[in-house]
Amino acid sequence: MKEKKKLSLTGQLIITMVAIVAGTVVLCLFFNSTFLTKYYVFHKQKELHSGFERVQLICWEKGEASDEASVTFEKICAAGNINILITDRNNNLVWSSYSSAQRFQMQMEDWLYGTDRGRMQIIENGKNYTLLRLKDERLQSEYLVLLGNLRDGGSVYMRTAVESIRESASITNRFYFVASMGAIVISALLIIFLSQGISHPIRSLSNIARRMSELDFEAEYVPKQYESREIVELGTSINELSETLEETISELKTANVSLKKDIEKKEQIDEMRKEFLSNVSHELKTPLALIQGYAEGLKECINDDAESRDFYCDVIMDESEKMNHMVKQLLTLNQLEFGNDKVEMTRFDITELIGGVIQSSSIMAAQKQVDIQFYREGAVYVWGDEFKVEEVITNFLTNAMNHAEGEKRITIRFSMHDHLVRTSVFNTGKPIPEEDLDKIWEKFYKVDKARTREYGGSGIGLSIVKAIMDSFEQKCGVINHEDGVEFWMELDSNN
């Protein structure tokens, strides 16, 4: 299915503006046709009332028969297209705008007191006047009539034709319609002219943007004097965007080259690392087993200088055990880092697990004269690989016993937050230097190489801890205190 072709900006502006103007014209015609006649009638009623007040005032001040009064009456009649008839208290004619005043007087009296009385509609009753709407069946015409009483007892009859009001409203509507059609045509022409001035620079900017999308940054916007401030600002912004994109793409290409080099370097390092682990595993495993076997044979079979033989044999066995342990740790770390070691997540009681680790470490704790305090309150269940968690706790506890000083106190406790159980192992002693806190998780890194050598540490234990916690997607860390160091790990406790 083909996509429907969209109108241009010029077409949209023309249609929108013509529709607005035409809608406004139609709405105004509707209101004129519906309410203009009623408004004229209302206005005529106010004119009749205002004219009566002027007649009443001039008659009181100047008298009905004065020349000044006559001029005022004629002005009222001419200005409002109103007929006026004034009589004295004896109903004698005083002044009239009609040439046949007596006939007008008889007609008014017939309307008020004769057979045409039923065709009257009272609009308003004032203190000294009554406003009526009358229909003349003979002429098929309607009139607005005001009957008023003068202060000297005379009467005033004022009349204006409703038909003339309708005719005025009709003429007004016809003229408005013609003028509106002209306004629509002129508006359309103006909109076409103005929209060209708007759409042309926009088309130019669109062409520049299209060339930018094709990575052609040679296109540049040049402002014109007749263009609006907004168009000039937009064009300037596009020029700046073009320059920024060109610079950014250049930087990205440079970074891409550098990234490729980094990837190649990383691949080389990974290959070297794999090769190193493979060589260590292959080259040391067999010799270590042989050294340990020959050392045990030497200790058992050689009789000369027993004390020396025993000393060297003990050293050989001790070193071989350390090296053998290091190889095992490297193999474990290698499996964890490359994801070859399967993680079996189960829910278990970590309190029971820690109790078992403390029990198995009791001999070492006694030798080092370390006091282990474990604060627990019933079972605490967590999710994790139970055997790997035991290795983490063992590493933390062994590390704490090897570095405990002063009181030689180790404290193990729990804290909970956000469905996580934090297990902390604290030992009294010297804090870890701040510059070493982030490095202790690296392989073979030792804060105090001399002291580490005393208890056979290889610098791999904490690396294994970090790798295990990463495989759980959980956190571990270390905190320095004034009197010691705290290692911690977190496990999920949510059911």
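Residues numbered from 1 in each chain as written. Predicted model: local features only at pLDDT ≥ 70, side-chain atom pairs only at ≥ 80, totals over all residues. Heavy atoms only, no water.

### A closer look at the overall build of the chain
Right, so step 1: In terms of helices and strands, the chain carries 11 helices and 13 strands.
Right, so step 2: Burial analysis of the chain (495 residues in total) assigns 35% to the buried set.
Right, so step 3: For the chain, the share of sequence-separated contacts (at least 6 apart) that also reach a separation of at least 24 residues comes to 63%.
Right, so step 4: When the accessible area of the chain is evaluated, it comes to approximately 31,200 Å², of which 54% is carbon and sulfur surface. (Helix = DSSP H or I, 4+ residues; strand = E, 2+ residues; numbered from the N terminus. Buried < 20%, exposed > 50% of the residue type's maximum accessible area, 1.4 Å probe, protein only. Contact = heavy atoms within 4.5 Å. Areas by Shrake-Rupley, 256 points an atom, 1.4 Å probe, with all protein chains shown as cover.)

### Things to note about the packing of aromatic side chains
Right, so step 1: Inspection of the entire model under this criterion finds 5 aromatic pairs.
Right, so step 2: The interplanar angle of 80 degrees and the centroid separation of 5.8 Å between the aromatic rings of F374 and F414 together place this pair among those described as edge-to-face. Taken as a pair, F374 in strand β8 (residues 371-374) and F414 in strand β10 (residues 409-417) lie far apart in primary sequence, 40 residues in all.
Right, so step 3: On the accessibility criterion, F374 (16% relative accessible area) is buried.
Right, so step 4: Accessibility expressed as a relative area gives 18% for F414, which makes it buried.
Right, so step 5: Both rings, one in W441 and one in F487, keep their centres 6.0 Å apart while their planes meet at 80 degrees; by these two values the pair is edge-to-face. Placement of the pair is W441 in the loop between β11 (420-428) and α10 (449-454) and F487 in strand β13 (residues 484-492), with a sequence separation of 46 residues. (Phe/Tyr/Trp six-rings, centres within 6.5 Å; stacked < 30°, edge-to-face > 60°.)

### Observations regarding the pattern of salt bridges
When the charged atoms of two side chains with opposite charge come close together, those side chains can pair.
Right, so step 1: This structure, assessed with the given rule, holds 8 salt bridges.
Right, so step 2: For R133, the salt bridge identified is with E142, shortest N-O distance 3.2 Å.
Right, so step 3: Assessed through its relative accessible area of 21%, R133 is described here as partly exposed.
Right, so step 4: A salt bridge links E407 to R409; its shortest N-O distance comes to 3.1 Å.
Right, so step 5: Among the charged side chains, a salt-bridge network with shared partners connects E407, R409 and D483. (Salt bridge = Lys/Arg side-chain N within 4 Å of Asp/Glu carboxyl O.)

### Comments concerning the nonpolar core
Right, so step 1: In this structure, I350, I372, V389, I410, I412, F487 and M489 are the most contacted members of the largest nonpolar core, which totals 42 residues.
Right, so step 2: Broken down by secondary-structure element, the contributors of at least two residues to this core are α7 (350-360), β8, α9 (386-403), β10, β11, α11 (461-472), β12 (476-481) and β13.
Right, so step 3: Per-element accounting of this core gives the leading share, 7 residues, to α9.
Right, so step 4: Once residues lying within four places of it in the same chain are set aside, the contact partners of M489 are I350, V389, V392, I393, F396, V421, R422, T423, M469, K475 and C476.
Right, so step 5: Residues V55, C59, I86 and V162 belong to the second largest nonpolar core, which totals 23 residues. (Core = buried A, V, L, I, M, F, W, Y, C linked by side-chain atoms within 4.5 Å.)

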